[in-house]
Amino acid sequence: MAVTYMTEEGYNKIIAEINYLEGVRRPEISAQIAEARDKGDLSENAEYDAAKEAQGVLEGKIAQLKVLISKARIIDEHQIKTDAVQILNKVKIKNILNNAIATYTLVADSEANLKENKIAVSTPIARGLMGKKVGDIAEVKTPSGVIRFEILEITL
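Conventions and cut-offs
- Residues numbered from 1 in each chain as written.
- Predicted model: local features only at pLDDT ≥ 70, side-chain atom pairs only at ≥ 80, totals over all residues.
- Heavy atoms only, no water.
- Pairing = 2+ DSSP bridges.
- Helix = DSSP H or I, 4+ residues; strand = E, 2+ residues; numbered from the N terminus.
- Axes fitted to C-alpha atoms, helices over the stretch in contact; angles between N-to-C directions.
- Expected span 1.5 Å × (residues − 1).
- Bend = angle between axes of the 7 residues up to and from the residue.
- Contact = heavy atoms within 4.5 Å.
- Salt bridge = Lys/Arg side-chain N within 4 Å of Asp/Glu carboxyl O.
- Buried < 20%, exposed > 50% of the residue type's maximum accessible area, 1.4 Å probe, protein only.
- Parallel < 35°, antiparallel > 145°, perpendicular 65-115°, else oblique.
- Left-handed = near helix turned anticlockwise from the far one by under 90°.

### A closer look at the pairing of strand 7 (residues 145–155)
Thinking step 1. Pairing analysis gives six bridges linking strand 3 (residues 90–95) to strand 7, with the strands arranged antiparallel. Directly across from Asn-95, in strand 7, lies its bridge partner Phe-149.
Thinking step 2. The sheet contact formed by strand 6 (residues 137–142) and strand 7 spans six bridges and is antiparallel. Bridged to Ala-138 within strand 7 is Phe-149.
Thinking step 3. Hairpin geometry of strand 6 and strand 7 is characterised by an intervening segment of two residues between the two adjacent antiparallel strands.

### A word on the sheet that holds strand 7
Thinking step 1. Read from one edge to the other, the open sheet built from five strands follows the order 5-4-3-7-6, with strand pairing classed as mixed. Among the strands making up the open sheet, the edge pair consists of strand 5 (118–120) and strand 6. Sheet twist, expressed as the average angle between the axes of neighbouring strands with direction ignored, equals 45°.

### Re helix 1 (residues 8–38)
Thinking step 1. In this model helix 1 runs 44 Å from its N-terminal to its C-terminal C-alpha over 31 residues, within 8% of the 45 Å that 1.5 Å per residue would give.
Thinking step 2. Within helix 1, the axis deviates most sharply at Arg-25, by approximately 35°, and proline Pro-27 lies no more than four positions further along.
Thinking step 3. Buried residues along helix 1 sit in contact with strand 1 (4–6) and helix 2 (46–70).
Thinking step 4. Once helix 1 ends, the next one or two residues include Gly-40, with phi positive near 115°.

### Thoughts on the pattern of salt bridges
Thinking step 1. According to the stated counting rule, one finds eight salt bridges in the structure shown.
Thinking step 2. A salt bridge links Lys-66 to Glu-22; the nearest nitrogen and oxygen atoms lie 2.7 Å apart. Of the two residues, Lys-66 sits in helix 2 while Glu-22 sits in helix 1, which places them 44 residues apart along the sequence.
Thinking step 3. Between Glu-139 and Arg-148 there is a salt bridge whose closest N-O contact spans 3.5 Å.
Thinking step 4. Overall, Glu-139 belongs to the exposed group, its relative accessible area being 52%.

### Things to note about helix 2
Thinking step 1. The terminal C-alpha atoms of helix 2 lie 36 Å apart, and with 25 residues this matches the ideal 36 Å at 1.5 Å per residue to within 8%.
Thinking step 2. Residues of helix 2 that are buried: Tyr-48, Ala-51, Leu-58, Ile-62, Leu-65 and Ile-69.
Thinking step 3. Where helix 2 is buried, its residues meet helix 1 and strand 2 (72–74).

### A look at the packing of helix 1 against helix 2
Thinking step 1. Packing of helix 1 against helix 2 leaves a shortest axis separation of 9 Å and a crossing angle of 160°. By the criterion of interaxial angle, the relationship of helix 1 to helix 2 is roughly antiparallel. Between helix 1 and helix 2 lies a crossing whose hand is left-handed.

### Focus: the environment of Arg-127
Thinking step 1. Mapped onto the elements, Arg-127 comes out in helix 3 (residues 124–129).
Thinking step 2. Note: C-alpha distance between Arg-127 and Val-140 (13 residues apart in sequence) is 8.0 Å.
Thinking step 3. With residues up to four places along the chain from it excluded, the contact list for Arg-127 reads Val-121 and Ser-122.

Put into structure tokens, the structure is as follows:
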């Protein structure tokens, strides 16, 4: 069984989502199924079919989240250091080719969100940055070639 590392915040978000799906969405869908069933013939009842399909999707999502939680190992954020790039570090990098500067936080796959500049440690960029120190050059292999980044800063 593969372990999934995540922050306590990420773990709590997943628990909250499971609680919402089980406590709110599941009863809503059950009510839709009951209402559609009361309308008569189930063989030609599109509302019933749609509600049953929604129930299947919901139960699949709940099961998926529960498996993720069962494999979760919470990272102790107090043990994170900034001498070399590792998970939960915020890394400021400069693209050597065009001098573009970006800052990313390296997070577990389940917590990645590019809108918040959080990239999964399994991505090519994050893998290329892991273990590097300030001033190091990271060479990242991408489908379009190798991109070189200079590590400018590592923070929490």
